[in-house]
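Now for the letters of each chain:
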Amino acid sequence: MDVKDLAKLATESRNPNTMNIDRVSTLEMITMINEEDKKVAFAVEKAKEDIARAVDLIAERMQRGGRLIYVGAGTSGRLGILDASECPPTYGVDSELVQGLIAGGYTAIFKAVEGAEDDAELGKRELMEKNLNESDIVCGIAASGRTPYVIGAMKYAREVGAAVLCITMNPESEMAKYADIPISVVVGPEVIMGSTRMKAGTAQKMILNMLSTGAMIKLGKVYGNLMVDVQPSNEKLVARARRIVKLATEAEDNLIEQVLDETGYNVKLSILMIETGLPKEEAKKLLEKNRGYIAKALDEFENKILSVSSV
């Protein structure tokens, strides 16, 4: 891409509000950054219908056994890896369910790997190594919307019949041409021209939060607004598991501890056992029948009780 083409990108424009950022006081500098950051949530809001469609698509593919694979370079790739890595402890899913690929591999998580993002074949090859199939979802992430590594991955995903999403900060981007659902959020020029780890990165993180959180809610990983599939892998999460069960059931602490011990700290199963009074195996079958949705399992249990009492 030459200088003229680069200048056409919204993310590469010069911000008129920060032209003198190098000459103002520290407080004024921070105020400028803060004022620009305020615009991000409103920009994301304009894309919420596309984000909702993407969540539904991700959940539908995951219910068929598909995986969500983020693909990006630089900051975009790191944000994808961050979102993927937080799903297992938060929602109790396998680490294969949500994955992140970054141009340049493991090294690129910590430092730039020159030239990797310009290799379209690399993006394709890495998805081939993942044995990508038609049940999977590939989400390309790039502020510019033109990263060859990401486009190569998206093109290959289309070839195998996988669902394809993209998150970009430039309207009508090259990446959007290959996406079933393109998500374009125009945050405007960065505080420092071209520093897309700033507003663009913030917008990407917000969208990724929505995609993974929305999909997990659709998969029954949330009861009310409680993360009921949390994996208590450290002391903080063990305490959180107890508190979640307490908030969901309002049961006595000794009962909560007893049931959590019985279920091996399976929060979701513990809540259902306490709320219904069912023994472990019966509660487990009821939960499985309702695909892990506590609310639906409770509805079925209560309907059975009502039908029996009305006879």
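Just so it is clear, the structure is predicted and the values come from calculations on it, not from any experiment.

1. Quick look at the overall build of the protein
And step 1. In terms of regular secondary structure, the protein is built from 13 helices and seven strands.
And step 2. Its C-alpha atoms give the protein principal-axis dimensions of roughly 75 × 50 × 40 Å.
And step 3. Here the protein, with 311 residues, has 48% of them falling under the buried criterion.
And step 4. A sequence separation of at least 24 residues applies to 66% of the contacts in the protein between residues at least 6 apart.
And step 5. Within the structure as shown, the protein displays about 16000 Å² of accessible surface, and the carbon and sulfur contribution to it stands at 51%.
And step 6. Across the protein, the mean location of the 39 positive side-chain charges is 2 Å away from that of the 46 negative side-chain charges.

2. Overview of the UniProt feature "domain: SIS" (unreviewed entry) in the protein
And step 1. In the numbering adopted here, UniProt assigns the feature "domain: SIS" (unreviewed entry) to residues 58-221.
And step 2. End C-alpha atoms of residues 58-221 are separated by 14 Å, and the span's content is 45% helix alongside 16% strand.

3. A word on the state of the cysteines
And step 1. With the rule as written, the count across this model stands at zero disulfides.
And step 2. Here Cys 139 stays unpaired: no disulfide links it, and the sulfur of Cys 166, its closest cysteine neighbor, is 7.4 Å away.
And step 3. A relative accessible area of 0% means that Cys 139 is categorised as buried.

4. Examining the pairing of strand S4 (residues 163-168)
And step 1. For S4, a buried count of six out of six residues is recorded, marking the element as mostly surrounded by other parts of the structure.
And step 2. The alternating pattern of S4 places Ala 163, Leu 165 and Ile 167 on one face and Val 164, Cys 166 and Thr 168 on the opposite face, and all of these are buried.
And step 3. The sheet contact formed by strand S3 (residues 137-142) and S4 spans six bridges and is parallel. Bridge pairing links Val 138 to Val 164 in S4.
And step 4. What joins S3 to S4 is helix H7 (residues 148-160), and the crossover it makes is right-handed.
And step 5. Across four bridges, the pairing between S4 and strand S5 (residues 181-184) is parallel. Each bridged residue has a counterpart across the sheet, and for Cys 166 the counterpart in S5 is Pro 182.

What counts, and where the lines are drawn
Residues numbered from 1 in each chain as written. Predicted model: local features only at pLDDT ≥ 70, side-chain atom pairs only at ≥ 80, totals over all residues. Heavy atoms only, no water. Helix = DSSP H or I, 4+ residues; strand = E, 2+ residues; numbered from the N terminus. Buried < 20%, exposed > 50% of the residue type's maximum accessible area, 1.4 Å probe, protein only. Contact = heavy atoms within 4.5 Å. Areas by Shrake-Rupley, 256 points an atom, 1.4 Å probe, with all protein chains shown as cover. Lys, Arg positive; Asp, Glu negative; His and termini not counted. Charge placed at Lys NZ, Arg CZ, Asp CG, Glu CD. UniProt positions renumbered as here; feature names shortened; annotations may be inferred. Disulfide = S-S within 2.5 Å. Pairing = 2+ DSSP bridges. Right-handed = clockwise from strand over helix to strand, strands pointing away.

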